[in-house]
Each structure stands twice: as structure tokens, then as C-alpha cells.
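Coordinates in review
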Amino acid sequence: MFILSNPGSWQSFVKRSDNVGLPLMEVKQKYLKEQALFEAEQRRQYNEYVRMIHHARGGAGGAGFSGQGIDGPIAGATVLAVAEGVTTTTDANGFFTFNFIPAGDIELTGGTDTVTGVAFAGTLKAPKGSTIISPITTAIKEIMDQGKSEDEATTDFFEFAKKVYDIDVPAGKRERVKSENFITLAATDSDFLKVVGLATTLESAAEVAGEAAIRASAGKTLNNAKKSFYAQIGEICKVNDFKTNTVDDNAKNDFKTTLMRVDNNVSAGNALAIREALDNQLTRVKEIVN
């Protein structure tokens, strides 16, 4: 049976009626299979999209640039080539195309998360040359904005994820998150299932922290609150050496609580409570990715 519909997020998939009561490993295999079939259809549609774009330009050569916005795939989003000030829009599967190669970073705003069907709030970023824009590339870019090179920022981020969130993506695979759809890769490589789990963790935490900031501050929006969350990752990686330092459980909790305080009006006590509630939501994510 070929399933071409989007299987959705892991959290919703395990609750689907045909999965209730099945062993976790069996549900995992079903999820990966459905993701693989869905992503294969996305790739087919994308190849057709690129072919049509090429045909519309008369088959002319010349440099172009294509990529994808992933949270789930984000449809109808605006993608900005920052250096040129030029925008384009993602298609139904989150794919976008520029008819030039951006000289700098790219940013994504707006649109709809095709997994949840909810309007996407916040801004995703990616460094120059990245063809994927995701929560992970956003965190890497925020660390770069603190003065780190792209290589340093990439290493810092994944070591932060390993020490704080207990999600360890092998060093040899970390660069691929900037150029390959990690949802597709997860269908055949369990290491990239960890990447999917990490992206889910980041976006869920940004949403929860952002909502807390809105409640704490008049005039705060989810967009700028989520920006603050990712900026906090940059700050934390600037002042902490996750590559060499051991992080005990108390320190992990402190780092996670700090990330929840995206606004000074969110008290330490509220940030702790928010973080603990979020940890409960993400328990199943950890089960499947580790």
C-alpha cells in the first residue's frame, strides 16, 4: 500500500488510531516507512518543479539556487536573500528557488507548517550556502552572530545538543543538515532520526518559551519571542565550552531553564515550571531518537 499523505509529527503519529497499542519499535518502523514514501513523492514533485522552472526560462543556463524550509515543510513562506534584499516564496512542500546564488544568509518567515497545518510564527535562518532552512540552521546562525566561524558554530551547536538535550549526532554527519532534508535521511539512517528529534525539540521549546514571554510582557509577539529563544542558544554557546566541559544534570536543567527566559519578565520560577512541562512533552521524542 502506497501512502502519499503526510504522516505528520511523531507525537501525533503515535496517537493515530491504527498505532495505539502497538509496540514502540513497530510504530517507529511504520513512521519511517510512511515518511520515506511521502518524501519520495515530494522529491518527485520538486524535480518536476525545477524542470518546469528551467523550461519557463527557455532552457537557458546560468546560476540558480534552490532549497527547502523545514520545520515540517513550510508552505507559502517568504524566503529572503539578505544581502540582495530579494524574496521568493516556498511551494506546497517548502521548496524555493532564486535565479541567482545568494551572496549571504537566507531567512524564512510566515507560511504554514504542512505537518501541523498551523501558521508558522518566527524567523528561521541559515548561513550562506545552506540550502536547508530549519530550527537547527537557525541555532547555528545565531551562534555565528556571536562571532564564531560557521565550522565553530556548527560544532558548538551539536555539542550543546549532546550535553544539554542528550541528542548526539555523529560529527561526520553534522554538516549535512545544511544541505539535505533530514526528514528524508531519517528514513534510512537512524542518526538522522536524531536530527528530526532535535529540530522538533528546538521548535517546541521556542513555541513554549515564546508563549510564556507573550503572557509576561505586553506587546511581545510570538515572532520576536522565538527569535529571543534562538538568540539565547547563541549566548549560551558563546560563554560555555560544550566541546570539553562535562555538564551534570543540575547544569542541564539550568541551561534549559535559561532558554525558557526569553523575556526578563518571565520569572525564574515560571521558567523552571515551563521547562519541566516541556520536558514531559518531549519524553517520547527522546524515546524514539536515542
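Residues numbered from 1 in each chain as written. Predicted model: local features only at pLDDT ≥ 70, side-chain atom pairs only at ≥ 80, totals over all residues. Heavy atoms only, no water.

**Topic: the overall build of the protein**
Helix and strand content of the protein: 10 helices and 9 strands. Residues counted as buried form 48% of the 290 residues belonging to the protein. Considering only residue pairs separated by 6 or more positions, the protein has 59% of its internal contacts joining residues 24 or more positions apart. A total accessible area of about 13,000 Å² is found for the protein, and carbon and sulfur atoms account for 52% of it. (Helix = DSSP H or I, 4+ residues; strand = E, 2+ residues; numbered from the N terminus. Buried < 20%, exposed > 50% of the residue type's maximum accessible area, 1.4 Å probe, protein only. Contact = heavy atoms within 4.5 Å. Areas by Shrake-Rupley, 256 points an atom, 1.4 Å probe, with all protein chains shown as cover.)

**Brief notes about the sheet that holds strand β5 (residues 95–98)**
In space, the 3 strands of this open sheet follow the order β5-β1-β9, with mixed pairing throughout. Single-partner strands in this sheet number two, and they are β5 and β9 (132–133). Bridging between strand β1 (residues 65–69) and β5 involves 4 bridges; their strand directions are antiparallel. The partner of F65 across the bridge, within β5, is F98. (Pairing = 2+ DSSP bridges.)

**Points about the sheet that holds strand β3 (residues 78–81)**
Strand order in the open sheet made by the 4 strands is β4-β3-β6-β8, with antiparallel pairing throughout. Each of the sheet's edge strands pairs with one partner strand only, and the pair in question is β4 (86–89) and β8 (123–126). Strand-to-strand twist across the sheet, computed as the mean angle between neighbouring axes with direction ignored, equals 25°. Strand direction decides the pairing type here: strand β6 (residues 106–109) and β8, joined by 4 bridges, are antiparallel. Looking at β8, one finds that E107 is bridged to K125. (Axes fitted to C-alpha atoms, helices over the stretch in contact; angles between N-to-C directions.)

**Details of the pairing of β3**
Every second residue of β3 is oriented toward a common face, the buried set being V79 and A81 and the non-buried set T78 and L80. Here β3 runs beside β4; their pairing, made up of 4 bridges, is antiparallel. Each bridged residue has a counterpart across the sheet, and for T78 the counterpart in β4 is T89.

**Examining the layout of surface pockets**
Of the voids in this model, the largest pocket is the one considered here, and its volume is about 690 Å³. Elements with a minimum of two residues in the lining of the largest pocket: α1 (10–13), α2 (24–56), α5 (182–185), α6 (190–216) and α10 (283–289). In terms of residue count, the dominant contributor to the lining of the largest pocket is α6 (10 residues). Here the lining of the largest pocket is composed, by residue class, of 18 nonpolar, 10 polar and 5 charged. (1 Å grid on protein atoms, 1.4 Å probe; cavity = no way out; pocket = protein on both sides within 12 Å on 5 of 7 lines; lining within 4 Å. Points joined across faces, edges and corners; volume = space filled by probe spheres on them. Nonpolar A, V, L, I, M, F, W, Y, C, P; charged D, E, K, R; others polar.)

**Some details on empty space enclosed by the protein**
Using the criterion set out here, one finds 2 cavities of 30 Å³ or more in the structure. If you add up the space inside the largest cavity, you get close to 50 Å³. Lining the largest cavity are Y165, K256, L259, M260, R275, L278, D279 and L282. Every residue lining the second largest cavity is listed: Y31, L32, Q35, I183, A186, L193 and V196. Going through the elements one at a time, α2 and α6 are the ones with two or more residues in the lining of the second largest cavity. Here the lining of the second largest cavity takes 3 residues from α2, the largest share from any one element. Taken together, the residues of the lining of the second largest cavity break down into 6 nonpolar, 1 polar and no charged.

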